[in-house]
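Residue-level structural notes
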Amino acid sequence: MTAEDARAELRQQIFSLLSEVAGGVLENQTIEADTEFPETGMSSIEYLALIEKIETKLDVFIDLEENEDLTTVDKFCDYLLEQVPSA
């Protein structure tokens, strides 16, 4: 699997998890990989639920104090690919 394939698969997994926690948001607008979550109307509770789902599914720990800028799908992909090269 190439690095781009791994990124595309990871991006799809994150979009799937995002859809689970913020279904109402996704129904009202299209969210691109570089759309800032605050611009979508995502609540802080939905954001924390997304973090929890990502941590559980990918078996990683995300320290929000050190990673405050994880506000788009692409930023999550970048971070996770650094943490979990086999993702």
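What comes next concerns the included structure. Note that the structure is a prediction, hence the values are computed from the model and not measured.

Here we look at the packing of aromatic side chains
The final tally for this structure, using the stated rule, is three aromatic pairs. On the numbers, 6.2 Å between centres and 55° between planes, the contact of Phe37 with Tyr47 is tilted. Separated by 10 residues along the polypeptide, Phe37 in helix H3 (residues 37–40) and Tyr47 in helix H4 (residues 44–58) bring together distant segments of the chain. Taking the centre distance of 6.3 Å and the plane angle of 45° together, the rings of Tyr47 and Phe76 count as tilted. Taken as a pair, Tyr47 in helix H4 and Phe76 in helix H5 (residues 73–83) lie far apart in primary sequence, 29 residues in all. The buried category is assigned to Tyr47, whose relative accessible area is 16%. Relative accessible area serves as the criterion here: at 0%, Phe76 is assigned to the buried category.

Criteria and cut-off values
Residues numbered from 1 in each chain as written. Predicted model: local features only at pLDDT ≥ 70, side-chain atom pairs only at ≥ 80, totals over all residues. Heavy atoms only, no water. Phe/Tyr/Trp six-rings, centres within 6.5 Å; stacked < 30°, edge-to-face > 60°. Helix = DSSP H or I, 4+ residues; strand = E, 2+ residues; numbered from the N terminus. Buried < 20%, exposed > 50% of the residue type's maximum accessible area, 1.4 Å probe, protein only.

What is shown is where atoms sit, not what they do.
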